[in-house]
Amino acid sequence: MTEVYDVSYIERTRDYYRAQGYEKDYVWAHNTNTPFAPLSKPLNECNAGVIVTAMPDTGEGRTNRRVYPTLSSPIPKSMYTSELSWHQSVTHTEDIGSFLPLEQLNGLVGEGVVGGIARRFYSVPTEYSQGNTIDKDAPDILNHCHEDEIDIAILVPL
Amino acid sequence: MSLVARHLEANGIPTLIIGSAIDVVQHCGVPRYLHSDFPLGNPCGKPYDKDMQRGIIGQGIDMFRTATKPNTSERTPYEWGENNWRDDYSRVDDNNREELSLRGEKRRMQQQAEKAAGVSRSSMIADG
């Protein structure tokens, strides 16, 4: 029986790149300080946004990796995940609720735990280039959050 | 995704990451992190297990209320079941070393072609 341990994805990715002949190891983002914003209002008054690394399951979403806003309702039946580094040999992404928590958040809104769900959720590409994420995608997502009056954000990397 | 969370948080929007790559997220440093100890792909719960998904999102949402400082991490109480996936992800051994080497050569050619065509975005290459 396999031992239970936390998989080191940093090590696995490093070894995988090396095996493919890449000489320079990827340098993962690392910070010594982390920002923190406390809740500014009760949860049951907060508008919740969702951000996911899956792309829209559309012609453009499949071919053009960028930030996409998509309406939160109706909940999409599928998302494009084939190009992401999830564990494709042991699981699948056919149930969107396993990585895009809109249905479960709807339930929490109905119970009065959360105030509401933002009218759109956002796709953000996983990037080799941290510069693309920091300089382009993160500011784009922040602008969308302001447009949709988001108070709290739930981010789900696959 | 951790970098996006940090940017939103620095601009006043509280964030929570629900994920399964704990070392990557904690290496970057994020305000709030809920760890699903699952194979990559289903951090919000096993496919079609609505009760588990409800439990995970409920625990995560509660962290907005309970976390008082950055780098707050929790784990969900759920287990995947069998654990072979831990050894399996992006495994490199004698069975695939040659194939990976060839794949790398092919990818570098593709990257050169993309660069020549002005494509500035490139995804991570690890896969399952």
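Residues numbered from 1 in each chain as written. Chains lettered and ligands numbered in written order. Predicted model: local features only at pLDDT ≥ 70, side-chain atom pairs only at ≥ 80, totals over all residues. Heavy atoms only, no water.

Colleague: Lay out the nonpolar core with the relevant residues and their values.
Modeller: In this structure, Tyr9, Val52, Met79, Phe99 and Leu100 of chain A together with Ile57 and Ile61 of chain B are the most contacted members of the largest nonpolar core, which totals 42 residues. Of all the elements in the fold, those that place two or more residues in this core are β1 (47-52), α3 (102-110) and β7 (152-156) of chain A together with β1 (15-19) and α3 (50-66) of chain B. The greatest single-element share of this core, amounting to 6 residues, is contributed by α3 of chain B. With residues up to four places along the chain from it excluded, the contact list for Ile57 of chain B reads Pro101, Gln104, Leu105 and Leu108 of chain A together with Ile18 and Cys44 of chain B. Grouped together as the second largest cluster of nonpolar side chains are 22 residues, Ile141 of chain A together with Ala5, Val25 and Val30 of chain B included. (Core = buried A, V, L, I, M, F, W, Y, C linked by side-chain atoms within 4.5 Å. Buried < 20%, exposed > 50% of the residue type's maximum accessible area, 1.4 Å probe, protein only. Helix = DSSP H or I, 4+ residues; strand = E, 2+ residues; numbered from the N terminus. Contact = heavy atoms within 4.5 Å.)

Colleague: Hey, could you go over the pattern of salt bridges for me, with residue numbers and the actual values?
Modeller: All chains considered together, the criterion is met by 19 salt bridges over all chains. Ionic pairing is found between Asp25 of chain A and Arg18 of chain A, a salt bridge with its closest N-O pair at 2.6 Å. When the shortest N-O distance is used, the salt bridge between Arg103 of chain B and Glu99 of chain B registers 2.8 Å. In this pair, Arg103 of chain B and Glu99 of chain B are both assigned in helix α5 (residues 97-116), 4 residues apart and thus about one turn of the helix distant. Judged by its relative accessible area of 31%, Arg103 of chain B falls in the partly exposed class. The exposure class of Glu99 of chain B is partly exposed, given its relative accessible area of 44%. Each of Arg119, Arg120, Glu147 and Asp148 of chain A takes part in salt bridges that share partners, so that together they form one network. (Salt bridge = Lys/Arg side-chain N within 4 Å of Asp/Glu carboxyl O.)

Colleague: Can you lay out the pairing of β1 of chain B for me, pointing to particular residues and giving the numbers?
Modeller: The buried count for β1 of chain B comes to 5 of 5 residues, which makes it a mostly enclosed element. Across the two faces of β1 of chain B the burial is the same, with Thr15, Ile17 and Gly19 of chain B and Leu16 and Ile18 of chain B all buried. Of the strand pairs in this sheet, β7 of chain A and β1 of chain B are connected by 3 bridges, and their pairing is parallel. Each residue of the ladder has a partner; that of Leu155 of chain A, found in β1 of chain B, is Ile17 of chain B. Direction of pairing for β1 of chain B relative to strand β2 (residues 32-35) of chain B: parallel, over a ladder of 3 bridges. Across the sheet, Gly19 of chain B pairs through a bridge with His35 of chain B, a residue of β2 of chain B. With helix α2 (residues 22-28) of chain B bridging β1 of chain B and its parallel neighbour β2 of chain B, the resulting β-α-β unit is right-handed. (Pairing = 2+ DSSP bridges. Right-handed = clockwise from strand over helix to strand, strands pointing away.)

Colleague: Could you give me a rundown of the confidence of the model for chain B, with the residues and numbers involved?
Modeller: Averaged over chain B, the pLDDT score is 91; the fraction of residues at 70 or greater is 93%. Here the predicted complex carries an ipTM of 0.95, next to a pTM of 0.92. (pLDDT = per-residue confidence, 0-100.)

Colleague: With reference to specific residues and values, describe the packing of α3 of chain A against α3 of chain B.
Modeller: Viewed as axis vectors pointing N to C, α3 of chain A and α3 of chain B meet at an angle of 65°, and their least axial separation amounts to 9 Å. Taken together, the axes of α3 of chain A and α3 of chain B lie roughly perpendicular to each other. Once α3 of chain A is placed against α3 of chain B, the crossing between them reads as right-handed. Contacts between α3 of chain A and α3 of chain B involve Glu103, Gln104, Leu105 and Leu108 of chain A from the first element and Lys50, Gln53, Arg54, Ile57, Gly58 and Ile61 of chain B from the second. (Axes fitted to C-alpha atoms, helices over the stretch in contact; angles between N-to-C directions. Parallel < 35°, antiparallel > 145°, perpendicular 65-115°, else oblique. Left-handed = near helix turned anticlockwise from the far one by under 90°.)

Colleague: Which residues make up α5 of chain B, and what values go with them?
Modeller: For α5 of chain B, with 20 residues, the first-to-last C-alpha span of 29 Å sits near the 28 Å given by 1.5 Å per residue. Of all the positions in α5 of chain B, only Leu100, Gly104 and Arg107 of chain B are classed as buried. Looking down the long axis of α5 of chain B, one finds its buried residues gathered within 70° of arc, a one-sided arrangement. Exposed residues lying more than 90 degrees from the buried face of α5 of chain B are Glu98, Leu102, Lys106, Met109, Gln112 and Ala116 of chain B. Structurally, α5 of chain B contributes buried residues whose contacts are with α1 (9-19) of chain A. (Expected span 1.5 Å × (residues − 1). Arc of directions from axis to C-beta.)

Colleague: So what's going on with the packing of aromatic side chains? Which residues, and what values?
Modeller: Across all of its chains, the model carries 4 aromatic pairs over all chains by this definition. Measuring from ring centre to ring centre gives 4.9 Å for Tyr26 of chain A and Trp28 of chain A, while their planes differ by 85°; the resulting arrangement is edge-to-face. A relative accessible area of 15% means that Tyr26 of chain A is categorised as buried. The ring of Trp80 of chain B has Lys46 of chain B sitting right over it, with the charged end atom 5.0 Å from the ring centre. Just above the ring of Tyr22 of chain A sits the side chain of Arg108 of chain B; from NZ or CZ to the centre is 4.8 Å. (Phe/Tyr/Trp six-rings, centres within 6.5 Å; stacked < 30°, edge-to-face > 60°. Lys NZ or Arg CZ within 6 Å of the ring centre and 35° of its normal.)

Colleague: So what's going on with the interface of chain A and chain B? Which residues, and what values?
Modeller: Every contact between the two is made by 85 residues of chain A and, on the other side, 84 residues of chain B. Taken together, both faces of the contact between chain A and chain B bury some 7,600 Å²; the carbon and sulfur share is 61%. When the buried surface of chain A facing chain B is broken down by residue, Tyr9, Tyr16 and Phe36 of chain A rank first, second and third, together holding 11% of it. Viewed at the interface, chain B and chain A are joined by 4 salt bridges. Residue Glu111 of chain A is joined to Arg54 of chain B by a salt bridge in which the shortest nitrogen-to-oxygen separation is 2.9 Å. Linking chain A with chain B are 37 residue pairs in polar contact (both at pLDDT 80 or more), by the criterion used here. Among the elements of the structure, α1, β1, α3, α4 (130-147) and β7 of chain A are those that each provide at least two residues to the side of chain A that touches chain B. Examining the composition of the side of chain A that touches chain B, we find that 12 residues originate from one element, α4 of chain A, more than from any other. Here the side of chain A that touches chain B is built from residues that sort into 46 nonpolar, 26 polar and 13 charged. (Buried area = accessible area lost by both parts, 1.4 Å probe. Polar contact = N/O pair within 3.5 Å; in protein donor to acceptor, adjacent residues only side chain to side chain. Nonpolar A, V, L, I, M, F, W, Y, C, P; charged D, E, K, R; others polar.)

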